[in-house]
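# Descriptive analysis of the structure
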Amino acid sequence: MSIDIYSTHTLAGVIHNTKPSVPGFWLNFATRQFNFATEEIHFDEVRVDNRRVAPYVMPTVAGKPQRDRGYETLKYKPAYVKIRHTIDPSRTLARTPGEAYGGALSPMQRQQALLAAYMRDQRDAIERRWNLMVAEVMLNGVLTVEDEAYPRQVIDFGRAANHSITLAAGSRWGDSGVDPLDNLEDWGIRVQDACNYPVDVVIMGTAAWAKFRKAQGLKDLLDIRRGAEKVGGLDIAPGSGAPLQYKGSDGNRQFWVYRETYELNETTTVEIMDPRDVLMVATGGLDMARCFGAILDVDVLRADPIFTKSWVTEEPSRRNLLSQSAPLMVPGRPNATLRARVTA
């Protein structure tokens, strides 16, 4: 019996040993991961009043019984993310990019190289989707899943309505009498009151930063001597091509400027963060989790963030490569973020 060297087990091993080549900025905020051996993802949300203080009583007075904490089970069914490539045997007969003229590789070696390249591309594309999902959840407090092959579904994580702000004319940054620093202080207090953690990261779009950097007193506030060259796995040193810039710290909060676009398809490009927006984050309280549901495939017996398989179509002869994921990014405390649109 012939052995398929591109079996599911072989591919799974390669995927696990392939490091992501395009780490996403937003994924650095998703610090936990859960794999579920079910289609649905379940969470128990416990209602906690962790600022309650013990009451004063006389030594001879009985203690007052306290009510148990309530909880609510939240249930989500993540959408699938799939990407597929097909290798035509005729492609293995032509010289590959970088190969010596006249051809130095055999057709089988070229097929292996094509397969490895497609696997990298598929993993990168899926991780870009994860990155985009984290960004949307942090910016909007909801996740909208919609595509040609998937009906519109909106997952609302219950972020407070006053954590999505649009400044009106006369109160926007750059308008007469408006101090952006006052806004940040007020919004920071709002976030801390809602999640019990202080804001320590402020991310701005390019248009928002253009107004903010003109704020009176900003020069004395920000210390730009303490720079940063990495955020999680993302290299942000000068010349790295990273989509963000570190602008300084006021001792409590880091200030970043971010601009990045993704291609949803051949004709549609999306800007992840609106350049007019400001996002305030209490990273200690966000508790964002990467959650992955089970893949409904007869070849997989466990829950994996990415499941890759390969098979041969006999007539016409083709090798197929498919990568799948069932991701959902869930914030433990949705109110640890606040987004404000500060310019027109």
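Residues numbered from 1 in each chain as written. Predicted model: local features only at pLDDT ≥ 70, side-chain atom pairs only at ≥ 80, totals over all residues. Heavy atoms only, no water.

Bringing the overall build of the protein into the picture now. When helices and strands are tallied, the protein shows 6 helices and 20 strands. Residue burial in the protein is summarised as follows: out of 344 residues, 41% are buried. A sequence separation of at least 24 residues applies to 74% of the contacts in the protein between residues at least 6 apart. Approximately 20,000 Å² of the protein is accessible, and the part contributed by carbon and sulfur atoms is 49%. (Helix = DSSP H or I, 4+ residues; strand = E, 2+ residues; numbered from the N terminus. Buried < 20%, exposed > 50% of the residue type's maximum accessible area, 1.4 Å probe, protein only. Contact = heavy atoms within 4.5 Å. Areas by Shrake-Rupley, 256 points an atom, 1.4 Å probe, with all protein chains shown as cover.)

For the rest of this paragraph, the subject is the nonpolar core. Judged by nonpolar contacts, the single largest core of 70 residues is most densely connected at Trp26, Trp187, Ile203 and Met204. Counting 6 residues, the second-largest nonpolar core is a separate cluster that includes Ile87, Leu114, Tyr118 and Leu321. (Core = buried A, V, L, I, M, F, W, Y, C linked by side-chain atoms within 4.5 Å.)

Let us look at the pairing of strand β12 (residues 254-258). The element β12 is largely enclosed, with a buried count of 4 among its 5 residues. Sheet analysis places strand β8 (residues 201-204) next to β12, joined by 4 bridges and oriented parallel. Within the sheet, the bridge partner assigned to Met204 lies in β12 and is Val257. Examined bridge by bridge, strand β11 (residues 244-249) and β12 share 5 bridges and lie antiparallel to one another. (Pairing = 2+ DSSP bridges.)

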